[in-house]
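# Architecture at a glance
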Amino acid sequence: MLMTTTSTLENRPVRQYLGVVNGEAIIGANIFKDMFASIRNVVGGRAGAYERTLSDARRIAMDEMQAEAKKLGANAIIGIDVDYEVLGADNGMLMVCVSGTAVQT
């Protein structure tokens, strides 16, 4: 399935708009990731564990959105928007939300 953040697909006119589709993923950060991220913040460098968690959450959300689009008979999703939020009383949860328009080209 073609997926893009743009509102059109070059050389592929949209034949039918099927509706807005979305996907969400909420993933908690654990104490070990927090501890190692704190050490990284002190000594510098990238927090690889958090980057992997963020990447996993984004992939899960995109997969959910794609599955919803397939149910509608879409072969593409255009206008994709990705949002990130931190949730929870101690900001211990990461939420990734994606949305787009399912279309047939």
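Here's what I pulled together on the structure shown here. (Residues numbered from 1 in each chain as written. Predicted model: local features only at pLDDT ≥ 70, side-chain atom pairs only at ≥ 80, totals over all residues. Heavy atoms only, no water.)

This next bit is on the overall build of the chain. Within the chain, the secondary structure is distributed over 2 helices and 4 strands. Per-residue burial over the chain gives 27% buried out of 105 residues. Sequence separation of 24 or more characterises 76% of the internal contacts of the chain that already satisfy a separation of 6 or more. (Helix = DSSP H or I, 4+ residues; strand = E, 2+ residues; numbered from the N terminus. Buried < 20%, exposed > 50% of the residue type's maximum accessible area, 1.4 Å probe, protein only. Contact = heavy atoms within 4.5 Å.)

Turning to the pattern of salt bridges, a few remarks are in order. Tallied over the entire structure, the rule returns 1 salt bridge. With its nearest N and O atoms 3.7 Å apart, the salt bridge here joins Arg-59 to Asp-63. Of the two residues, Arg-59 and Asp-63 both sit in helix H2 (residues 48–71), 4 residues apart, roughly one turn of that helix. The class of Arg-59 is partly exposed, set by a relative accessible area of 45%. (Salt bridge = Lys/Arg side-chain N within 4 Å of Asp/Glu carboxyl O.)

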